[in-house]
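As a plain string of letters, each chain reads:
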Amino acid sequence: MKHVVGFLGAGQMAQALARGFLAKDLVGVDQLLAGDPSPASRSAFTDATGARAIDDNLEVVREAEILVLAVKPQYLASAVESVRSVITENHLVLSIAAGVPLARLEELLGNDRRIVRIMPNTACLVGASASGYCLNATASDEDAATVGQLLESVGVAFRLPESLLDAVTGLSGSGPAYVYLLIEALADGGVRMGLPRDVALSLAAQTVRGAATMVQETGTHPGQLKDAVASPGGTTIEGLATLEAHGFRSALIEAVTAATERSRELANR
Ligand SMILES: NC(=O)C1=CN([C@@H]2O[C@H](COP(=O)(O)OP(=O)(O)OC[C@H]3O[C@@H](n4cnc5c(N)ncnc54)[C@H](O)[C@@H]3O)[C@@H](O)[C@H]2O)C=CC1
Ligand SMILES: O=C(O)[C@@H]1CCC=N1
């Protein structure tokens, strides 16, 4: 593929995506650049990727073929307005801003621009992201293929109707944070029961990884995999009953719902 990829915003997500693309050799280091007014973000980007980060968004847009809008949703309008005059139909514009709909992006960029709204997550850094994306009417099937290739290089990706992008944000966009909480809490439980902290953390993280891999690689329903762990009258069923008594499932369902609703609210800012 090897298009020049420019990021507006050189923060955490730009760094994670850029490192993922580099690791999969989808871009070379000289085909990557980022624009950011923050010297700290620029040095972090260059440290993480070896690529250029400059305080000149116009130059980034002029050089880029694929432009990734990677600023916080509240800074998106001002970032785009400052470069709008140099964004052409030759650019494929990807926005990762949570909650910002294609209609708003078209207002900012013009509906004759090729625009894709994406929701990845930070695990793109390790090639294990989970993403959803949707295209505006001007973007082509070839653009969809390009975006699919980029996102699949750093994990799994689903092309979806835009109406589902907020739910993707609530589940997999925000989801790594829920799982970090789970891992931390499992480790705390282990420490409470006497395990050394480092051992507890390692066991907790590997347990989450192993269970996720079992779901992905066996294709077996998680309920069936859960049943296979829980022996009659054994230890697991005691743990499961305790989780049910504390509303574990409901807490996760409500977390995804709340984050999805917040993503919907961000559309109205
Ligand atoms: N952090 C996450 O897990 C995820 C974040 N997102 C979305 O990614 C976007 C970026 O989030 P993060 O990387 O976490 O934020 P961040 O705060 O780490 O990075 C944003 C960067 O944008 C820069 N910036 C601000 N105004 C700018 C401008 N006018 N031009 C160029 N750069 C400018 C800031 O200096 C900062 O370095 C957000 O819209 C967020 O909704 C999407 C998926 C996951
Ligand atoms: O918390 C947020 O708003 C961003 C979007 C998805 C993950 N982090």
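Shown above is the structure to which this text applies.
Residues numbered from 1 in each chain as written. Chains lettered and ligands numbered in written order. Predicted model: local features only at pLDDT ≥ 70, side-chain atom pairs only at ≥ 80, totals over all residues.

Explain the site of ligand 1 to me, please; I cannot follow it from the model alone.
Around ligand 1, the structure places 27 residues, and the nearest of them are G9, G11, M13, S41 and A98. At the level of elements, helix 1 (12-23) and helix 4 (76-81) are the ones that each hand at least two residues to the shell around ligand 1. Residue composition of the shell around ligand 1, grouped by class: 14 nonpolar, eleven polar and two charged. (Near = placed C-beta within 6 Å. Helix = DSSP H or I, 4+ residues; strand = E, 2+ residues; numbered from the N terminus. Nonpolar A, V, L, I, M, F, W, Y, C, P; charged D, E, K, R; others polar.)

Just checking my understanding: could you explain the nonpolar core for this structure?
Most often, soluble globular proteins keep nonpolar side chains buried together rather than apart. Core analysis: the largest hydrophobic core is formed by 59 residues, its most contacted members being A14, V68, L69 and L94. For this core, the leading source of residues is helix 1, giving six residues. If sequence neighbours within four positions are ignored, A14 has contacts with F7, G9, A34, F45, V68 and A70. (Core = buried A, V, L, I, M, F, W, Y, C linked by C-beta atoms within 7 Å. Buried ≥ 20, exposed ≤ 12 C-beta atoms within 10 Å, placed from the backbone. Contact = placed C-beta atoms within 7 Å.)

Can you walk me through the sheet that holds strand 1 (residues 5-8) in this structure?
Picture the strands of a sheet paired through backbone hydrogen bonds; they go either parallel or antiparallel. If you trace the eight strands from one edge of the open sheet to the other, you get 3-2-1-4-5-6-7-8, paired in mixed fashion. Pairing within the sheet leaves two strands with one partner each, and these edge strands are strand 3 (52-54) and strand 8 (155-159). Pairs of neighbouring strands in the sheet enclose a mean axial angle of 25°, with direction left out of account. Sheet topology places strand 1 next to strand 4 (residues 66-69); four bridges connect them, and they run parallel. Counted as the bridge partner of G6 is L67 from strand 4. Relative to the sheet, helix 6 (residues 141-153) contacts strand 5 (92-95), strand 6 (114-119), strand 7 (129-135) and strand 8, its axis offset from that of strand 8 by approximately 155°. In the packing of helix 7 (residues 165-173) onto the sheet, the strands contacted are strand 6 and strand 7, and the crossing angle to strand 6 comes to about 40°. (Pairing = 2+ DSSP bridges. Axes fitted to C-alpha atoms, helices over the stretch in contact; angles between N-to-C directions.)

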